[in-house]
Amino acid sequence: MRSSTSPPSHSSNDDDESKSTTLPYIGTNHDGSRIIFNRDVNAKRNECVFAHPKCVLAFLQKKTNEPEDAWVVATFLECFIFVVVPGVLLFFVGPNEKTRSFWYGFVWFVITRALFLQRFILALHYHTHVNAIRAKKNEHFKRCLNVIPTFIIAPFFGIPAGIYWYHHNAMHHVHGNAAYADLSSTERSRRDSAFDFFKYWMRFLFLAPIELSMNMLKYRGLVDAVRCYSIVAGSFAAWWYLNANVNASAANWTLAYTHVVASLGLMFGNWSQHIFVCPDDPMNDYKSTYTCINSFENQKTFDDGYHVQHHVDSRMHWSTFASNFSRKETLEKHAKEDALVFEGVHFFDVGLCVMLGKLDYLAERYVFYGQKKRTKEEIVMELKRRLEPIEYDIKRRR
């Protein structure tokens, strides 16, 4: 098996990547005509919308668990200042000024979704796995700072306060896309079907509050079930009160419409991440998802393209994904498990390509790094095989 740091002799006058001596070697494209290095290793971070003074980042680095988590905290600060504060101000627009209230809310909604939604969700994602701010048990102020993203900022992105941990950490990562226990599982769906995705999204949008509480009751006990249900009920009660007694337009733009959009983004993201599931071994983390490298989206999403590694070790720090993936041992393990790796695309790109039947496009971005060699046609056939709905005996699956 080839070393990840020693590219073979190769003619590539039309590709600047092959001239690199500082980036780790990964492999080649599907037909061996182009050498691929991992540019994510030293790519410039782009999670923050605005540039921050070096002194601010240096200060944050002293307070975070890892220096790179300064970007997570900076993202939260941007979201608080440019999403939460203006969102609260919407409620102070006169209730009789319906037209003005509507357009203020509309502008706030469009701008904040476009600039901050993806960035915040991924910052929240890694923050729930490992808190960004370093806090000991007796450092209560810092511990309070760690809950601000979950309980104060998240609702303005359509995520009920405190619910993300239950759905993502306590359910999805524990049960790993297994249809019998993970409510967000893609296994039994026809994953190239827009109609199946619509059903998948509607189930989450309307039934998740009840199903998630029942899931917590079954697998974690009554206390977590009550907490989970209380969070959802409390969020609905807050929206109802604000809608009826304060400012209906502001309540809808900040809590209701944001929830619909967030649910669509979260579900299409998870659908796309777990769109290729190997029917031979669906419980295998290397075969229930895939890796995306050299996509500019990685620099906006805390290297979220390395989803295989994230499922293998959910507490691995996001800043180490690219370098760890590029290690010879990691590539050899991926190759042994026949894990899928794509270059230059990200999860939403993959999901859209599958929905549109563009598997040949994905085959052209398939990375060969030492696993079984396949022709373009064979890659397409393997992708189709991993799109088939998976049915199994639950007792055997466990």
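Quick caveat, the model's predicted, so the values are computed rather than measured.

Caption draft 1: Geometry of the pairing of strand E4 (residues 340–343). Along E4, one buried face is formed by Leu340 and Phe342 and the opposite face, lined by Val341 and Glu343, is buried too. When strand E3 (residues 290–293) meets E4, the two strands line up parallel, connected through four bridges. Across the sheet, Cys292 pairs through a bridge with Phe342, a residue of E4.

Caption draft 2: Structural context of the packing of helix H7 (residues 222–245) against helix H8 (residues 248–273). Here H7 crosses H8 at 155°, and the two axes come no closer than 7 Å. With respect to H8, the element H7 is oriented roughly antiparallel. For the pair H7 and H8, the contacting residues are Trp239, Leu242 and Asn243 in the first and Ala248, Ala251, Asn252, Leu255 and Ala256 in the second. When its residues are assigned to classes, the contact of H7 with H8 shows six nonpolar, two polar and no charged.

Caption draft 3: Representation of the sheet that holds strand E5 (residues 367–368). Strand order in the open sheet formed by three strands is E2-E1-E5, with antiparallel pairing between adjacent strands. Bordering the open sheet on either side are strand E2 (35–37) and E5, each of which pairs with just one other strand. Two strands pair when backbone bridges link them, and strand E1 (residues 25–29) and E2 are joined in this way by three bridges, in the antiparallel orientation. Bridge pairing in E2 places Thr28 opposite Ile35.

Caption draft 4: Fine view of empty space enclosed by the protein. The final tally for this structure, using the stated rule, is two cavities of 30 Å³ or more. Per element, the largest residue contribution to the lining of the largest cavity is three residues, and it comes from helix H3 (residues 98–129). Among the residues making up the lining of the largest cavity, the classes are represented as six nonpolar, four polar and two charged. The volume enclosed by the second largest cavity comes to roughly 60 Å³. As for the second largest cavity, its lining consists of Leu183, Ser184, Tyr200, Arg203, Phe204, Ala208, Glu211 and Met267. If one sorts the elements of the lining of the second largest cavity by residue count, helix H6 (residues 194–219) sits on top with five residues. In the lining of the second largest cavity, the residues fall into five nonpolar, one polar and two charged.

What counts and what doesn't
Residues numbered from 1 in each chain as written. Predicted model: local features only at pLDDT ≥ 70, side-chain atom pairs only at ≥ 80, totals over all residues. Heavy atoms only, no water. Buried < 20%, exposed > 50% of the residue type's maximum accessible area, 1.4 Å probe, protein only. Helix = DSSP H or I, 4+ residues; strand = E, 2+ residues; numbered from the N terminus. Pairing = 2+ DSSP bridges. Axes fitted to C-alpha atoms, helices over the stretch in contact; angles between N-to-C directions. Parallel < 35°, antiparallel > 145°, perpendicular 65-115°, else oblique. Contact = heavy atoms within 4.5 Å. Nonpolar A, V, L, I, M, F, W, Y, C, P; charged D, E, K, R; others polar. 1 Å grid on protein atoms, 1.4 Å probe; cavity = no way out; pocket = protein on both sides within 12 Å on 5 of 7 lines; lining within 4 Å. Points joined across faces, edges and corners; volume = space filled by probe spheres on them.

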